[in-house]
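The chain contents come next:
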Amino acid sequence: SWTQFHNPLIVLPALSPSPKVRGTHPECSVILQLQKREAECLERIRRESQSPALPGQEGCPTDWDGLSCWPALPLGQSRAVACPDIPNVFKKSEGLIQRNCTEWGWSLPSPPYHSSCQLETLSSNNDTEAKARGTPGCGDLHFVTMKVLYTCGYSTSLAALLLAIGIFSCFRKLHCTRNSIHIHFFTSFILRGTAVFIKDSVLFSDESIDHCTMSTVTCKAAISFFQYSVLANFYWLLVEGLYLQTLLLLTFTCDRSYTWGYILMGWGVPMVIVGVWVLTRLHYDDHGCWDDYSSLYWWVIKAPILLAIFVNFLIFLNVTRMLAQKIRCPDLSQTHKQQYMRLTKSTLLLIPLFGVHYVVFALFPEHVGVDARLYFELVLGSYQGFLVALLYCFLNGEVQAEIRRSWGKWQRSMESNVFNLATQDFTA
C-alpha cells in the first residue's frame, strides 16, 4: 500500500475527505493519482525483477517512496528529481530531491519533500469542509446538519408523492393520459429519493471504510441505480414538456397512442444510457465506486441530461410563444383561456426550476462551487418532489373539486346512515 512507507506526506493534513463531496473532493483526487503512479511503478519493478541481474551490475532497484518512482541506479551513484507534479499538494517549484544508492540500499530523500517543495494547502475557498476547519469537528457537524436537512426533504417529498399517486389512482374521474404521465413523473422522484438513501447506506454507513478507494459490486450498483433515477427524473420532465406542447398543437386532442412512446422515453432511454455507461466503466475505467465526476466517462451521463434540459428549454420558449398567441386570439373563449393557463402554469414553472442551476454548474469544472452544488443538489433538490406534488396535485383545481365532491358525497352518506338508524330506533 502507498501509505506504508517512511511517509513523505506526514507533514500534510490528513487525507480524509468528507464522504458527501467524495466525487469532487481534491483529497480523493490526490489519493487516486498517487495510487495510479504507484501501480505504474510497481509494474515497472515487477518487470525488472523478472530479468536476472548480470554480474557487476549490483545497485539499487527501482523504488517507490510514496510520491516518486526512482529508477534503478548503480551502487555509489545518486539521482535527483524535481518536485512531483501533484495538484493540491505541491505548488509549482524548482526544488530538487536527491537520493543515493548505498550498500544498504536507497538513502532517504534529501532534502525532505516538505523542505524542498512548496506545499499547497488542500483547502480552498470552494471547499466547504475547509471553511469549517477553524473549529475541530465543525466540518463533520456541517455535513451532519446537511444530511439531516436533505433527509427531511426527501422524506417529506416521498410522503407527498405517495399521497399524490394515491389520489390520482383512487378517483376514477382523474384517470387520463395527463395524470398517468404525472404518476410516472412522481415515481421518478420516488426512485431518486430512494436511490439517495440507498447510496448513503451503502457508501457511508461505515466510517472506517476508505471512501476514496472503496470499490465493491454493491457500491457500484448503488451508484448505477442513482444515476438511472436521476436520468429518469430529467427525462420524465422532458416528457411533461413534450406532452404539454402536444396538447397545445393538437388543441387538447388527447391521443393515447403516444403513451407508450412517452413511457419508452421516460424509462427506456435512461436505461440504455446507464447501460452504456456501466459497460464503458467496466471496460475502460473500473476504478473506485464510479462516483468520481472528474472522469471523462462521466459525460456519458452528463451529456444526455444537458440535452434533455436544452430541449426542455426550447419547449419552454415555444410553449410560451404559443400560449401568448392563443390568449391574444379574439375568437378564443374565456373558458379555453383559463384551460390553457391551468395546463401550462405548472410545467412552465418546473422546466426552468429544474434545469437552470444544472446548466449553470455544468459550465464550470466539478471542483468549482462545491458549496453551492451541495446545497442545490442535496438540500434544495430534496424538496423538489414535494413541490411537484404540490403543483400537479394538491393545488390542481380539478383534483380539489373531485376531493370536495367525494367528501360531500361521503358526508351525505354518513348523514343518511345516521338518519336511518335514528328512524329504526324510533319505529322500534
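About the cut-offs
Residues numbered from 1 in each chain as written. Predicted model: local features only at pLDDT ≥ 70, side-chain atom pairs only at ≥ 80, totals over all residues. Heavy atoms only, no water. Buried < 20%, exposed > 50% of the residue type's maximum accessible area, 1.4 Å probe, protein only. Helix = DSSP H or I, 4+ residues; strand = E, 2+ residues; numbered from the N terminus. Pairing = 2+ DSSP bridges. Contact = heavy atoms within 4.5 Å. UniProt positions renumbered as here; feature names shortened; annotations may be inferred. Patch = residues over 30% accessible without salt bridge, like charges linked within 9 Å, V, L, I, M, F, W, Y side chains within 5 Å. Areas by Shrake-Rupley, 256 points an atom, 1.4 Å probe, with all protein chains shown as cover. Salt bridge = Lys/Arg side-chain N within 4 Å of Asp/Glu carboxyl O. Phe/Tyr/Trp six-rings, centres within 6.5 Å; stacked < 30°, edge-to-face > 60°. Lys NZ or Arg CZ within 6 Å of the ring centre and 35° of its normal. Disulfide = S-S within 2.5 Å. Axes fitted to C-alpha atoms, helices over the stretch in contact; angles between N-to-C directions. Parallel < 35°, antiparallel > 145°, perpendicular 65-115°, else oblique. Left-handed = near helix turned anticlockwise from the far one by under 90°. Nonpolar A, V, L, I, M, F, W, Y, C, P; charged D, E, K, R; others polar. pLDDT = per-residue confidence, 0-100.

Draft legend 1. Representation of the pairing of strand β6 (residues 96-102). Of the two faces of β6, only the one carrying I97, R99 and C101 is buried; L96, Q98, N100 and T102 on the other face are not. Two elements, strand β5 (residues 78-82) and β6, share five bridges in a ladder whose sense is antiparallel. In the sheet register, A82 faces β6, and the bridge partner there is L96. From the end of β6 to the start of strand β7 (residues 105-106), which pair antiparallel, there are two residues.

Draft legend 2. Summary view of the environment of Y297. Secondary-structure assignment places Y297 in the loop between α7 (259-284) and α8 (299-328). Excluding its chain neighbours within four sequence positions, the residues that come into contact with Y297 are W277, T280, R281, Y284 and D285.

Draft legend 3. Representation of the UniProt feature "transmembrane region" (unreviewed entry) in the protein chain. With numbering aligned to this structure, UniProt lists the feature "transmembrane region" (unreviewed entry) at residues 148-169, 181-198, 234-252, 264-284, 296-319, 347-368 and 374-395. What you have in residues 148-169 is 100% helix and 0% strand, and the ends, taken at the C-alpha atoms, are 32 Å apart. For residues 181-198, helix accounts for 100% and strand for 0%, while the C-alpha atoms at its two ends are 26 Å apart.

Draft legend 4. Highlighting a nonpolar patch on the surface. On the surface, a cluster of nonpolar side chains totalling about 490 Å² of accessible area is made up of L307, F310, F313, L314 and L317. Counting through the fold element by element, L307 comes out in helix α8.

Draft legend 5. Just the packing of aromatic side chains, in detail. If you walk through the whole model with that rule in mind, you get 12 aromatic pairs. Ring geometry for F185 against F189: centres 5.0 Å apart, planes inclined by 65°, an arrangement best described as edge-to-face. With F185 and F189 both in helix α5 (residues 177-203), this residue pair falls four residues apart, about one helical turn. In this structure F185 comes out as buried when scored by relative accessible area, which is 0%. Between Y243 and Y262, the aromatic rings sit 5.9 Å apart at their centres with planes inclined by 85°, giving edge-to-face as the arrangement. With Y243 in helix α6 (residues 217-249) and Y262 in helix α7, the pair connects residues that are 19 residues apart, well separated along the chain. Accessibility expressed as a relative area gives 8% for Y243, which makes it buried. Grouping aromatic residues by their ring pairs yields a cluster made of Y150, Y154 and F197. K199 extends its terminal NZ or CZ atom over the ring of F226, reaching a point 3.9 Å from the ring centre. Its end group placed over the ring of W299, K302 keeps NZ or CZ at 4.7 Å from the ring centre.

Draft legend 6. Representation of the state of the cysteines in the model. Enumeration over the complete set of coordinates arrives at three disulfides. Here C41 engages in a disulfide with C69; their sulfurs sit 2.1 Å apart. The disulfide joining C41 to C69 has a torsion of about 75° about its S-S bond and is therefore right-handed. Of this pair, C41 sits in helix α1 (residues 26-49) while C69 sits in strand β3 (residues 69-70); the two residues are 28 residues apart in sequence, bridging distant segments of the chain. Judged by relative accessible area, which is 26%, C69 ranks as partly exposed.

Draft legend 7. View of the sheet that holds β7. Taken in spatial order, the three strands line up as β5-β6-β7 in an open sheet, and their pairing is antiparallel. Edge positions in the open sheet fall to β5 and β7, since each of these has one partner strand only.

Draft legend 8. Region of interest: the pattern of salt bridges. This structure, assessed with the given rule, holds eight salt bridges. Across the pair K220 and D286 runs a salt bridge, and its minimum N-O distance is 2.5 Å. Pair noted here: K220 is in helix α6 and D286 is in the loop between α7 and α8, with a separation of 66 residues, a long-range link. A salt bridge links R405 to E402, with the shortest nitrogen-to-oxygen separation between them at 2.7 Å. Of the two residues, R405 and E402 both sit in helix α12 (residues 397-427), three residues apart, roughly one turn of that helix. Each of E43, R46 and R47 takes part in one network of salt bridges that share partners.

Draft legend 9. Seen up close, unusual backbone geometry. Each neighbour pair has its own omega, and for S110 with P111 the value is -10°, a cis peptide bond. In this fold, P111 is placed in the loop between β7 and α2 (113-116). Positive phi values are uncommon outside glycine, yet W290 reaches one of about 65°. Looking at the element boundaries, W290 is found in the loop between α7 and α8. For W290, a relative accessible area of 4% puts it in the buried group.

Draft legend 10. Fine view of the packing of α6 against α7. In the contact formed by α6 and α7, the axes pass within 8 Å of each other and the chain directions differ by 150°. As far as their axial angle goes, α7 and α6 are roughly antiparallel. You can see that α6 and α7 cross each other, and the crossing is right-handed. Classifying every residue of the contact of α6 with α7 by side-chain character gives 21 nonpolar, four polar and no charged.

Draft legend 11. Broad picture of the confidence of the model for the protein chain. Averaged over every residue, the pLDDT of the protein chain is 76; the share at 70 or more is 68%. Mean pLDDT across the secondary structure elements of the protein chain bottoms out at helix α3 (residues 128-131), with 38, and peaks at α7, with 93. The low-confidence segment residues 1-24 (pLDDT under 50) makes 67 contacts with residues lying over four places distant or belonging to another chain. Low confidence marks residues 122-139, where pLDDT is under 50. Its contacts with residues over four positions away, or in another chain, come to 33 contacts.

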